[in-house]
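Structural characterization, general
Residues per chain are reported as follows:
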Amino acid sequence: MALEHALLVSLAEQSGSGYELARRFDKSIGFFWSASHQQIYRVLKRMDTSGWVDGEVVGQDGRPDKRVYRVSADGRAELRRWIAEPTAAGHLRDELAVKIRAAAHGDLDDLRAEVTRHRDDHAGRLELYRQIEKRDFPTPNALTGTDLHQYLVLRGGIRVEDGFTAWCQEVLDAL
């Protein structure tokens, strides 16, 4: 996935300035696709040049004007093309897994500390996802459209974090 596609998804859900998009990105898509604010601004310019987004200058009182982006017809066509494209199957590609595999060649206390750090990081993210689920999706069976799609991604994140946290604990118990 290119950053362009992640930004198209976000803009398809809600138009916004580069600054607004970067803030939204940090709180949603940024959980599974990272990008700096500078990257977002660079890619937005490239998307504007390619015709995937339309930018409109909006005046603001007491602040500099801002450029608000929305997905263009060409951008919607690209989003449809990308959604239909086959996605590569995921696999456990993680430096921690390689370190565990090499446990016999290192200090087990150091490895335990590293696995504990990962477990705690993933447990923290799991708790955050569960809070978001409770706050934003109190009646999941009633969801439709974009709300349902966002909820399904969140559920995927919950399952991944739950599984990774449990796996780290399993490793710790075995070591």
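Residues numbered from 1 in each chain as written. Predicted model: local features only at pLDDT ≥ 70, side-chain atom pairs only at ≥ 80, totals over all residues. Heavy atoms only, no water.

As annotated in an unreviewed UniProt entry, the protein chain is PadR family transcriptional regulator from Rhodococcus kronopolitis.

**Details of the side chain of Thr165**
Tracing the sequence through the fold places Thr165 in helix α7 (residues 145–174). From its side chain, Thr165 meets the backbone oxygen of Glu161 in a polar contact 2.7 Å long. Setting aside anything within four residues of it in sequence, one finds Thr165 in contact with Arg119, His122 and Ala123. (Helix = DSSP H or I, 4+ residues; strand = E, 2+ residues; numbered from the N terminus. Polar contact = N/O pair within 3.5 Å; in protein donor to acceptor, adjacent residues only side chain to side chain. Contact = heavy atoms within 4.5 Å.)

**Some points on the environment of His105**
Of note, His105 is situated in the loop between α5 (95–101) and α6 (108–136). Look at His105 and you get exposed, because its relative accessible area is 74%. A C-alpha to C-alpha distance of 46 Å links His105 and Phe137, two positions 32 residues apart in sequence. (Buried < 20%, exposed > 50% of the residue type's maximum accessible area, 1.4 Å probe, protein only.)

**What about the sheet that holds strand β2 (residues 53–60)?**
Spatial ordering of the open sheet is given by β1-β3-β2, a layout of three strands whose pairing is antiparallel. Both outer strands of the open sheet, β1 (16–17) and β2, are each paired with one neighbouring strand and no more. Looking at chain direction, β2 and strand β3 (residues 63–71) are connected through seven bridges and run antiparallel. Bridge pairing links Val53 to Val71 in β3. (Pairing = 2+ DSSP bridges.)

**Some remarks on the nonpolar core**
Core analysis: the biggest nonpolar cluster contains 18 residues, and Leu3, Leu7, Leu11, Phe25 and Ile40 have the highest contact counts within it. Secondary-structure elements contributing two or more residues to this core are α1 (3–13), α2 (18–27), α3 (37–50) and β3. Ranked by the residues each element gives to this core, the list is headed by α1, at five residues. One finds Ile100, Leu111, Phe164 and Cys168 within the second-largest nonpolar core, a separate group that totals nine residues. (Core = buried A, V, L, I, M, F, W, Y, C linked by side-chain atoms within 4.5 Å.)

**Quick look at the pairing of β3**
Here two bridges tie β1 to β3, and the two strands are oriented antiparallel to one another. Looking across to β3, one finds that Gly16 is bridged to Tyr69. Following β2, the chain reverses through two residues before pairing antiparallel with β3; Gly62 in that reversal takes a positive phi of roughly 75 degrees.

**Some words on the pattern of salt bridges**
Evaluated as defined, the whole model comprises 13 salt bridges. Residue Arg70 pairs with Glu56 through a salt bridge whose shortest N-O separation is 3.3 Å. Highlighted residues: Arg70 in strand β3 and Glu56 in strand β2, separated in sequence by 14 residues. Glu56 sits in the partly exposed class, given a relative accessible area of 42%. Here Glu78 makes a salt bridge to Arg81, at a shortest N to O gap of 2.7 Å. You can see Glu78 and its partner Arg81 sitting in helix α4 (residues 73–84), three residues apart, about one turn around the helix. Judged by relative accessible area, which is 11%, Glu78 ranks as buried. A cluster of three or more residues bridged by salt bridges with shared partners is formed by Glu114, Arg117 and Asp121. (Salt bridge = Lys/Arg side-chain N within 4 Å of Asp/Glu carboxyl O.)

**Section: the packing of α6 against α7**
Between α6 and α7, whose axes approach to 8 Å, the crossing angle comes to 155 degrees. Between α6 and α7, the angle falls in the class roughly antiparallel. Of the two possible hands of crossing, α6 and α7 adopt the one that is left-handed. Considered class by class, the residues forming the contact of α6 with α7 number twelve nonpolar, six polar and eight charged. (Axes fitted to C-alpha atoms, helices over the stretch in contact; angles between N-to-C directions. Parallel < 35°, antiparallel > 145°, perpendicular 65-115°, else oblique. Left-handed = near helix turned anticlockwise from the far one by under 90°. Nonpolar A, V, L, I, M, F, W, Y, C, P; charged D, E, K, R; others polar.)

**Quick word on α4**
The end-to-end C-alpha separation of α4 is 17 Å, in line with the 16 Å expected for twelve residues at 1.5 Å each. Burial in α4 covers these residues: Gly75, Glu78 and Leu79. The arc that holds every buried residue of α4, seen down its axis, measures 100 degrees, which confines them to one face. Exposed residues on α4 whose side chains face more than 90 degrees from its buried face are Ala73, Arg80 and Ala84. Taken together, the buried residues of α4 touch α1 and β3. Capping the start of α4, Ser72 holds a side-chain oxygen 3.4 Å from the backbone nitrogen of Asp74, two or three residues further along. (Expected span 1.5 Å × (residues − 1). Arc of directions from axis to C-beta.)

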